[in-house]
Structures are given as structure tokens and as C-alpha cells.
Amino acid sequence: MSHHIVEASDLHYTYPDGTVGLRGVTFRISHGESVALVGENGAGKSTLLLHLNGYLSPRQGTVKIGDYPLTKKNLDAVRRSVGMVFQNPDDQLFMPTVFDDVAFGPLNLGLAKDEVERVVVRSLETVGVAHLAKRPPYKLSQGEKRSVSIATVLAMSPDILVMDEPTSSLDPRSRRRLIELLKTFRHTKIVATHDLDMALDLCERTIVLHQGRITADGQTKKILYDEELLRASSLEKPLSIQLKT
Ligand SMILES: Nc1ncnc2c1ncn2[C@@H]1O[C@H](COP(=O)(O)OP(=O)(O)OP(=O)(O)O)[C@@H](O)[C@H]1O
Ligand SMILES: [Mg+2]
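Residue indices begin from 1 for each chain and proceed along its sequence in written order. Think of it this way: whatever chain is written first is A, whatever ligand is written first is 1, and the rest follow in order. For this predicted model, a pLDDT threshold of at least 70 governs which residues receive local features, and a threshold of 80 or more governs which side-chain atom pairs are given and counted, while totals over whole chains, interfaces and linings are taken from all residues. Calculation of side-chain values draws on the structure's entire complement of heavy atoms; hydrogens and water are dropped beforehand.

(A) A look at the packing of helix H3 (residues 98-108) against helix H4 (residues 113-126). Close contact between H3 and H4 brings their axes to 9 Å; oriented N to C, the two are set at 125°. Between H3 and H4, the angle is such that the two are oblique. Judged by the sense of rotation from one axis to the other, the crossing of H3 with H4 is right-handed. Between H3, through Val 98, Phe 99, Val 102, Ala 103, Pro 106 and Leu 107, and H4, the contact on the second element is made entirely by Val 116, Glu 117, Val 119, Val 120, Ser 123 and Leu 124. Across the contact of H3 with H4, the residue classes break down as 10 nonpolar, one polar and one charged. Axis geometry follows a simple rule: fit a line to the C-alpha atoms, using only the stretch in contact for helices, then measure angles between N-to-C directions, giving values from 0 to 180 degrees. The way it works is that DSSP assigns letters per residue, a run of H or I at least four long becomes a helix, a run of E at least two long becomes a strand, and they are numbered from the N terminus. An angle below 35 degrees is treated as roughly parallel, one above 145 as roughly antiparallel, one from 65 to 115 as roughly perpendicular, and anything else as oblique. Left-handed is the label given to a crossing in which the near helix is rotated counterclockwise from the far helix by less than a right angle, and right-handed is the label when the rotation is clockwise. Any pair of residues with heavy atoms lying within 4.5 Å of one another is described as a contacting pair. Three classes are used, and their members are as follows: Ala, Val, Leu, Ile, Met, Phe, Trp, Tyr, Cys and Pro are nonpolar, Asp, Glu, Lys and Arg are charged, and the others, Gly among them, are polar.

(B) The arrangement of the sheet that holds strand S10 (residues 213-219) in detail. Pairing between strands is defined by DSSP: at least two bridges between them are needed. Here six strands make up an open sheet; going across it, the order is S6-S7-S8-S3-S9-S10 and the pairing mixed. Every interior strand has two partners, whereas the edge strands, strand S6 (82-85) and S10, have only one. Each adjacent strand pair in this sheet contributes to an overall mean axis angle of 15°, direction not counted. Relative to S10, strand S9 (residues 205-210) runs antiparallel, the two sharing six bridges. Counterpart to His 210 in the pairing with S10 is Arg 213. Its contacts with the sheet place helix H5 (residues 142-154) against S6 and strand S7 (160-164), and it is angled at close to 175° to S6.

(C) A look at the site of ligand 1. In the vicinity of ligand 1 lie 13 residues, with Gly 42, Lys 45, Ser 46, Thr 47 and His 194 positioned nearest. Here a polar contact is taken to be a pair of N or O atoms separated by no more than 3.5 Å, where protein atoms must pair a possible hydrogen donor with a possible acceptor and residues adjacent in sequence count only if both atoms sit in side chains. Gly 44 places a polar main-chain atom, nitrogen or oxygen, 3.0 Å from an oxygen atom of ligand 1. Accessible surface is estimated by sampling points in the Shrake-Rupley manner with a 1.4 Å probe; for residues, cover comes only from the protein chains shown. Isolated, ligand 1 exposes 640 Å² of accessible area, and the fraction of that covered by the protein chains is 67%. Split by residue class, the shell around ligand 1 holds two nonpolar, eight polar and three charged. Neighbouring residues are identified by heavy atoms, a residue being near a molecule or strand if any of them is within 4 Å of it.

Any link to function would need more than the numbers given here.
Pasting the structure below:
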């Protein structure tokens, strides 16, 4: 199942205003891995994730999804296989109703109308927001928007799930539900997060970004217990570890 592999090789990215986002990022994530991407504000997490389905193109370096380098030609195929939950739900939701937003992807895939309806209801139920189906997304609370964004991606049954801060603005019960849901997703997942307790719970591997570079890549437990590394990367121990020590 090599099509679930995500590879980045020497990625460099500079924003049009000259701000450097990535300074040479290399990793390989294989099928079924669950990887947390952590780092302080501005470390480059979102910039990196936006390269994984071609929203940004590197100034230097390559991204490979499965056996294929990410190029303009295979962008559509890559976007079908990589489901991306953006950090800002307003970048994800643009239809008049929640239902239409979740239906948008499956309709584009050519699914029949009754099948689309089933998928939409199932996806909204999975994240606990089926009652919002008729509401306009822009009038929802932040946490509600987050859950709907996640539903839009689940509705596409992606091979690879990429999520940027999926637990931010979620209440504790919705957060727990999401973590349990993600545990059942057996394909590759990459999650950028400040929720280090979630990283510890969900991801066996963690990549630490600091000022556009990878400063550590390894077992989550080892990394999140390494005080010196955390300090050097402007991070703090997860609460669950702080409480133990
Ligand atoms: N549109 C943009 N134009 C210019 N610079 C940007 C833009 N978006 C991000 N940056 C800069 O790129 C760097 C990396 O930002 P990025 O959003 O990837 O960080 P992040 O790790 O996702 O942070 P956060 O934890 O706050 O989400 C930062 O210095 C940021 O100021
Ligand atoms: Mg970000």
C-alpha cells in the first residue's frame, strides 16, 4: 500500500513577502503511521502541511505522495487521497449550509444523490453535529465550525488524513470523541497540534519543527519526556507528564 506514503525532501519555502517558512525539511512517513507535528507558533507547521496537497509549492525540494512526486499534473489525484483539515475552518467552509459543505466533495466525486446524503449524515453524526446540517456555516461557533470541517474531510474517505490543529476550540467531550475517532482511522495520519496530550495519546511518532527546521523526529514518548529538547524548541511538557512528575 505504498500509495499512503508521504515523503518530503529538502523542502524550502519563502512567502511572497520574504518571510521564510521552511528551511530544508525532510521526512518519510509510511503507511498507517500516526505522526504529530509540533512546534511553537510560527514554527512552520501549517506551511509544511499546506505542501502535502499542493496548496503551496516548494521553492526547493519535493513532496511525494505514494509513488508519485506532487506535480500540477497529479494534483487532483493527490487531493483525492490526502484529506486536509485546515487550521482555520473559514478556509474550509464556503457553502450556504453545513449539509452542502459536507456534500460538496462526495458530489464532485460523482456519487449518486442518495449515497451522498447517507455519507453526509454519517460524517456529521461521527463528529456529533448532525443537528447543524441546515445551518449556514458562517453562523456557527468556532468549535462547531471545526467539527463540520472535520466532517467535510471524513466524507471523502481519504487515504491520508492531514489535520492542522484539529482539537483547537473543541470542548473536552468533542475533543475526546475526535481522539477516539482518529484512533479508529487505520490509514496514515499527520496532525499538527499544540495539544501535546493528544499527541501522546494518538501518535506513536512526533516531528518537532523549530524555525522552519526539524529539530527532532522519533518516538513521541521519548520526545515529550526530553526536557532539554522541548526547551530548545520552545515547547512544554504535556500536562499529563507534568502531573506525573
Ligand atoms: N501568508 C503568509 N505570508 C507571510 N508569512 C507567513 C504567511 N503565513 C505564515 N507566515 C510565516 O511563516 C512562518 C511559519 O508560519 P506557520 O503558519 O507555518 O506556523 P505554525 O507553526 O503553523 O504556527 P501556529 O502554531 O501559530 O499555527 C511564520 O514566521 C509566519 O509568520
Ligand atoms: Mg499553524
